[in-house]
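# Inside the fold
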Amino acid sequence: MRTFPTATGLRTYLDGLPNDQTVAYVPTMGALHAGHMALITAARDSHDVVVASIFVNPTQFNEASDLDTYPRTPEADADLLQLHGCDALYLPAVEDVYPSDYEDRTSRLDFGPLVAVMEGANRPGHFAGVAQVVYRLLDIVRPTTLVLGQKDYQQVAVIRSMIEQLGVKVDVTVVPTVRERDGLALSSRNRRLNDAERLAAGTINLHLKAVAAGLTAGWDPKELEKTAFREMAHHELLAPEYVSIFDGDTLQPWAADAPVRELVVATAVRCGPVRLIDNFIVRTSF
Ligand code: PAF
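Cut-off values and rules
- Residues numbered from 1 in each chain as written.
- Predicted model: local features only at pLDDT ≥ 70, side-chain atom pairs only at ≥ 80, totals over all residues.
- Heavy atoms only, no water.
- 1 Å grid on protein atoms, 1.4 Å probe; cavity = no way out; pocket = protein on both sides within 12 Å on 5 of 7 lines; lining within 4 Å.
- Points joined across faces, edges and corners; volume = space filled by probe spheres on them.
- Helix = DSSP H or I, 4+ residues; strand = E, 2+ residues; numbered from the N terminus.
- Nonpolar A, V, L, I, M, F, W, Y, C, P; charged D, E, K, R; others polar.
- Expected span 1.5 Å × (residues − 1).
- Buried < 20%, exposed > 50% of the residue type's maximum accessible area, 1.4 Å probe, protein only.
- Contact = heavy atoms within 4.5 Å.
- Pairing = 2+ DSSP bridges.
- Axes fitted to C-alpha atoms, helices over the stretch in contact; angles between N-to-C directions.
- Near = heavy atom within 4 Å.
- Polar contact = N/O pair within 3.5 Å; in protein donor to acceptor, adjacent residues only side chain to side chain.
- Phe/Tyr/Trp six-rings, centres within 6.5 Å; stacked < 30°, edge-to-face > 60°.

### Some thoughts on the layout of surface pockets
Its boundaries defined by the atoms lining it, the second largest pocket holds a volume of some 240 Å³. Tyr 153, Val 156, Ala 157, Arg 160 and Gly 248 are, among the 13 residues lining the second largest pocket, the residues nearest its centre. Sorting elements by how many residues they give to the lining of the second largest pocket places helix α8 (residues 153-166) first, with five residues. Among the residues forming the lining of the second largest pocket, the class breakdown is six nonpolar, three polar and four charged.

### Description of helix α2 (residues 34-46)
Over its 13 residues, α2 extends 19 Å from the first C-alpha to the last, a length consistent with the 18 Å expected when each residue adds 1.5 Å. Burial in α2 covers these residues: Gly 35, His 36, Met 37, Leu 39, Ile 40 and Ala 43. Tucked into the core, α2 has its buried residues touching β2 (23-28), β3 (49-54), α4 (74-83), β5 (145-149) and β6 (171-175).

### With respect to empty space enclosed by the protein
Evaluation of the coordinates by the stated rule reveals one cavity of 30 Å³ or more. One number sums up the size of the largest cavity: a volume of about 60 Å³. Taken together, Lys 151, Gly 183, Leu 184, Ala 185, Ser 187, Asn 190, Ala 201, Ile 204, Asn 205, Leu 276, Ile 277 and Asp 278 make up the full set of residues lining the largest cavity. Put simply, the parts of the chain that give the lining of the largest cavity at least two residues each are α10 (204-216) and β9 (274-284).

### Brief notes about the sheet that holds β2
Strand order in the open sheet made by the six strands is β1-β4-β3-β2-β5-β6, with parallel pairing throughout. Pairing within the sheet leaves two strands with one partner each, and these edge strands are β1 (2-4) and β6. Taken over all neighbouring pairs, the strand axes of this sheet differ in orientation by 25 degrees on average, direction set aside.

### Brief notes about the site of the ligand
As a matter of local geometry, the ligand sits amid Pro 27, Thr 28, Met 29, Gln 60, Val 133, Asp 152 and Gln 155. At 2.6 Å, a side-chain N or O of Gln 60 approaches an oxygen atom of the ligand. Between Gln 155 and the ligand, the recorded distance is 2.7 Å, taken from a side-chain N or O atom to an oxygen atom. When grouped by side-chain class, the residues that make up the shell around the ligand number three nonpolar, three polar and one charged.

### What about the side chain of Glu 225?
Looking at the element boundaries, Glu 225 is found in helix α11 (residues 221-234). Those residues in contact with Glu 225, other than ones at most four positions away along the chain, are Val 243, Ser 244 and Ile 245.

### Points about the side chain of Thr 267
Relative to the helices and strands, Thr 267 is located in strand β8 (residues 262-271). Given the relative accessible area of 0%, Thr 267 is considered buried. A polar contact is formed between the side chain of Thr 267 and the backbone oxygen of Tyr 242, at a distance of 2.7 Å.

### Quick notes on the packing of aromatic side chains
Inspection of every chain in the model, using the stated rule, returns five aromatic pairs. Here the aromatic rings of Phe 61 and Tyr 70 are separated by 5.6 Å at their centres, their planes lie at 80 degrees, and the arrangement is edge-to-face. Of the residues examined, Phe 61 reaches a relative accessible area of 12% and is grouped as buried. Residue classification places Tyr 70 among the buried residues on the basis of a relative accessible area of 8%. Summarising the aromatic geometry, the rings of Tyr 153 and Phe 246 are spaced 5.7 Å apart at their centres and angled 70 degrees between planes, so their arrangement reads as edge-to-face. In this pair, Tyr 153 sits in helix α8 while Phe 246 sits in strand β7 (residues 238-247), placing the two residues 93 residues apart along the sequence.

Shown next, in the form of structure tokens:
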């Protein structure tokens, strides 16, 4: 695997590849785990060249302490990427991603209702930062396919909207969430949980599964949201911010029985020092 600290170096490498080679790109913020490796494997299985990046993007953090404590493990990350068949790693400094003369085309975008709910409502400015960095990274890598994780469901919707609004030519592949044995969704932030918090965090997915079962049984979505929220809030180590049942295309709350392509339940929960998110696709073609 080749590692490039600059966009210029990475571009020189990519420009030297034969024109017909397909390139899959996996953007990450590092502290890599099996969830990221599932993205690399999906990329590897279907493309000639796999590019990953590790960049803890300051513009998408709405809490300074979250940015400061975000785990950084670049050596271990590079080993994992190499082991899983990644060809090129872009590992830039902030100035390489955002040079002083950089003109941000994403600042004029309007994500409307997509960012008025869930993460967008609870983390002001977060998705503007995500759109900004992903556009910039796509402009550098110019991949055939962008590979993203389903765990960040709303992020995928916002990135798809950015791609559409700016006419970026790239396909998007979404890879299912990888989970621990107890169902906890893998996240770089999980490593900051102590033993008791880790146990508590493992119950979050059970509440989402209970909501999914309730929906399948025809129960009222608002009541299911309230029950899951209340039950998580009962746990002394869990502080839920939202439980939301929504239409996967619009991200808007689901009115029971309205036809949807994909019905999803998602949550954000503070557990000790960490804010965790998770979601389940309850059904497709409801
Ligand atoms: O999901 C992430 O890790 C980040 O939001 C991303 C897509 C790498 C942009 O910084």
